[in-house]
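One letter stands for each residue in the lines below.
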Amino acid sequence: MDDNIIVQELHKKNMEAFTWMYEKYYKVLWAHADYILKDTTEAEEAVQDVFCKLLDFKGWGHVKNLKSYLNTSLRNYCFNLLEKNKKTNEKRLNFSRVMISDTWETPDLHDARQVDKKLQKLLSLLSPQRLRAFHLIYQEGMTYEEAAHSLGISKNSIKTHIKLGLRVLRNFGPFIFVFFLN
């Protein structure tokens, strides 16, 4: 199917044209994403996400070159994903540095029950919202803004939850960062 016809039909909101576009470009876009991301699963998800976003796209009348538009959209999505992953990894690294920057008594890691008991006691000291804030920031890699939106609170409240939570966690020692970063 000709790209110009696909674009014209997409502009008319013909969903069959979306299927034509998907079938024509999925494999090429997946290969492009796999080359950028170096991960086949992430590449599949990236292509799916781009196509999902295109379902709501209303500017088809302005698209002159479909292949170029799709490649550019996917490339931008992949680079944004890589940047987000980089920031998430930096947050995790910074968190682990904070956790081991002070000197603590390291728990005996051979006694898993003792460690688990201490960990459960420590986590019980965190409020559910503070624990959720840690999960969103350090495990899901959300920004403060995204986490605040997700919890329905302000960005400064998220910062406060993280700051106060870190105080509690510092009392436990360097082991705790493994829990949040896995």
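Given the structure is predicted, the values throughout are model-derived calculations rather than measurements. (Residues numbered from 1 in each chain as written. Predicted model: local features only at pLDDT ≥ 70, side-chain atom pairs only at ≥ 80, totals over all residues. Heavy atoms only, no water.)

> Tell me about the packing of aromatic side chains, residues and numbers included.
Taken as a whole and assessed by the stated rule, the structure comprises six aromatic pairs. Ring centres 4.9 Å apart and planes at 90° place the aromatic pair Phe-57 and Trp-60 in the edge-to-face group. By the ring-pair criterion, three or more aromatic residues cluster together here, those being Phe-18, Tyr-22, Tyr-26 and Phe-51. The residue whose ring lies beneath Lys-38 is Tyr-35, and the NZ or CZ to ring-centre distance is 4.5 Å. (Phe/Tyr/Trp six-rings, centres within 6.5 Å; stacked < 30°, edge-to-face > 60°. Lys NZ or Arg CZ within 6 Å of the ring centre and 35° of its normal.)

> Explain the packing of helix α7 (residues 144-151) against helix α8 (residues 155-170) to me, using residue names and the numbers behind them.
Interhelical geometry of α7 versus α8 gives an angle of 100° and a closest axis separation of 8 Å. Classified by the interaxial angle, the pair formed by α7 and α8 is roughly perpendicular. Every residue of α8 that contacts α7 at Tyr-144, Glu-145, Ala-147, Ala-148 and Leu-151 is listed here: Lys-155, Ile-158, Lys-159 and Ile-162. Of the residues contributing to the contact of α7 with α8, the split by class is six nonpolar, no polar and three charged. (Axes fitted to C-alpha atoms, helices over the stretch in contact; angles between N-to-C directions. Helix = DSSP H or I, 4+ residues; strand = E, 2+ residues; numbered from the N terminus. Parallel < 35°, antiparallel > 145°, perpendicular 65-115°, else oblique. Contact = heavy atoms within 4.5 Å. Nonpolar A, V, L, I, M, F, W, Y, C, P; charged D, E, K, R; others polar.)

> Let's hear about the nonpolar core: which residues, and what values?
It is characteristic of soluble globular proteins that their nonpolar side chains tend to be buried jointly. If you look at the biggest cluster of nonpolar residues, it comprises 26 residues, and the most contacted ones within it are Met-21, Phe-51, Leu-54, Leu-66 and Leu-74. Only α1 (3-11), α2 (15-37), α3 (40-55) and α4 (66-101) provide two or more residues apiece to this core. It is α2 that provides the largest number of residues to this core, a total of nine residues. Residues contacting Leu-66, with those up to four places away along its chain left out, are Asp-3, Ile-6, Val-7, Met-21, Tyr-25 and Trp-60. (Core = buried A, V, L, I, M, F, W, Y, C linked by side-chain atoms within 4.5 Å. Buried < 20%, exposed > 50% of the residue type's maximum accessible area, 1.4 Å probe, protein only.)

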